[in-house]
Amino acid sequence: MANKTIAFIGTGNMSYAIIGGMVKSGFDAQHIIATNRNEEKLAKVSADFGVQTTTNNLDAIAQAEVIVLSVKPQMMAELCQTIQASGIDFKNKLFVSVAAGITVTRLREMLGHPVRLVRCMPNTPSLLGKGVSGLFAADVSVDEQTLIEQVFSSTGIVVWLDEEQKINDIIAVTGSSPAYFFLFMETIEAKALELGFSAVQARQLVEQTALGAAMMACDQQAISLEQLRANVTSKGGTTHAAIETYKANHINKITSDAMDACIARAKEMEQEL
Ligand SMILES: NC(=O)C1=CN([C@@H]2O[C@H](COP(=O)(O)OP(=O)(O)OC[C@H]3O[C@@H](n4cnc5c(N)ncnc54)[C@H](O)[C@@H]3O)[C@@H](O)[C@H]2O)C=CC1
Ligand SMILES: O=C(O)[C@@H]1CCC=N1
């Protein structure tokens, strides 16, 4: 892996997080090239992680063995058109797409070539080495799979998926779900403010509690999440009153509906893009 160069095309929130996770885990920054149209974004990723940067996508692609396409799905066709028109030889290049809602078939159509491709569904905690990446390989060699697994393992855990359709499911479970947790934290923070805690206190109280709860779940894997919850919930006590309120408001259904909506949107995007 040491000699392979990886280019991130369209370095925004997601690629910034992946690059951060890679560099912090010891990946050589000089073998990473980040591109963006926006010089300011490149200045930040360069200052923070010491990677090479350029606004010229084609230069980056020409130099790299692994090309991570990480623009927004709606920008992908335009990007691929310029790559196709460049006449770059795809033979020794492995493509990775982190885009939601664009299938292997569609991406190959966009590139005008049956490229070897890994679809990856990462999440932003990759920045801290706490990411999850769902991976689906299309015509990729065993060595290339090993390489991609090394790259994404440096940002957290990886899960290989045996069917492309499962990419849409893992978006709902891990790709989008950091946002669900942030939303839940926002609701506690807002209520803490209403109860008179200062903004600094409200943020600190919610982040410490979320961190503590997540760490307890990680640290005590033999104990079910239900049991961890029960350990907080005294019979006839305060937590019980809160939990019953969540149940009366159908928290399971809300989450299930939200995840179904996430999957449905991914499928809809597959038809649109
Ligand atoms: N943000 C997230 O949590 C996750 C995002 N993804 C996927 O990652 C991809 C990127 O998402 P974000 O990073 O959130 O978007 P973003 O908008 O933060 O980053 C994309 C960047 O690409 C740049 N860009 C657009 N067209 C370009 C071009 N032709 N050449 C060079 N740069 C170009 C934009 O300036 C922007 O900074 C999407 O396809 C999304 O589906 C996947 C999993 C999680
Ligand atoms: O919201 C999105 O479409 C992307 C994919 C997963 C997280 N962000």
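Not measured: the values here are computed from a predicted model.

The next subject is the site of ligand 1. What surrounds ligand 1 is a group of 26 residues, the closest being G10, G12, M14, A99 and A100. The dominant element in the shell around ligand 1, judged by the number of residues it contributes, is helix α1 (residues 13-24), at three residues. Classifying every residue of the shell around ligand 1 by side-chain character gives eleven nonpolar, twelve polar and three charged.

A positive phi angle is found at D139, which is not glycine, with a value near 60°. The backbone of H250 shows a phi angle near 60°, a positive value even though the residue is not glycine.

It is worth spelling out the domain arrangement of the protein at this point. Here the domain parsing of the protein yields domain 1 (6-169) and domain 2 (177-269). With centres defined by C-alpha atoms, the gap from domain 1 to domain 2 works out at 32 Å. Of the residues lining the interface, eight residues belong to domain 1; the matching set on domain 2 comes to five residues. Per-class residue counts for the side of domain 1 that touches domain 2 are three nonpolar, four polar and one charged.

Below, the discussion takes up the packing of α1 against helix α2 (residues 39-49). Put simply, α1 and α2 touch, their axes get as near as 10 Å, and they point 15° apart. Put simply, α1 runs roughly parallel to α2. When you trace α1 past α2, the crossing you get is right-handed. Counted together, Y16, I19, G20 and V23 of α1 and V45, D48 and F49 of α2 form the full contact between these two elements. Here the residues of the contact of α1 with α2 are counted per class, giving five nonpolar, one polar and one charged.

The subject of this paragraph is the site of ligand 2. Within the structure, ligand 2 sits among A100, I171, G175 and S176. When the residues that make up the shell around ligand 2 are grouped by side-chain class, the tally is two nonpolar, two polar and no charged.

Turning our eyes to something else, we now look at the UniProt feature "domain: Pyrroline-5-carboxylate reductase dimerisation" (unreviewed entry) in the protein. The sites that UniProt annotates as "domain: Pyrroline-5-carboxylate reductase dimerisation" (unreviewed entry) are residues 164-269. Measuring from the first to the last C-alpha atom of residues 164-269 gives 15 Å, for a span that is 82% helix and 0% strand.

Calculation criteria
Residues numbered from 1 in each chain as written. Chains lettered and ligands numbered in written order. Predicted model: local features only at pLDDT ≥ 70, side-chain atom pairs only at ≥ 80, totals over all residues. Near = placed C-beta within 6 Å. Helix = DSSP H or I, 4+ residues; strand = E, 2+ residues; numbered from the N terminus. Nonpolar A, V, L, I, M, F, W, Y, C, P; charged D, E, K, R; others polar. Domains from an automatic or database assignment. Contact = placed C-beta atoms within 7 Å. Axes fitted to C-alpha atoms, helices over the stretch in contact; angles between N-to-C directions. Parallel < 35°, antiparallel > 145°, perpendicular 65-115°, else oblique. Left-handed = near helix turned anticlockwise from the far one by under 90°. UniProt positions renumbered as here; feature names shortened; annotations may be inferred.

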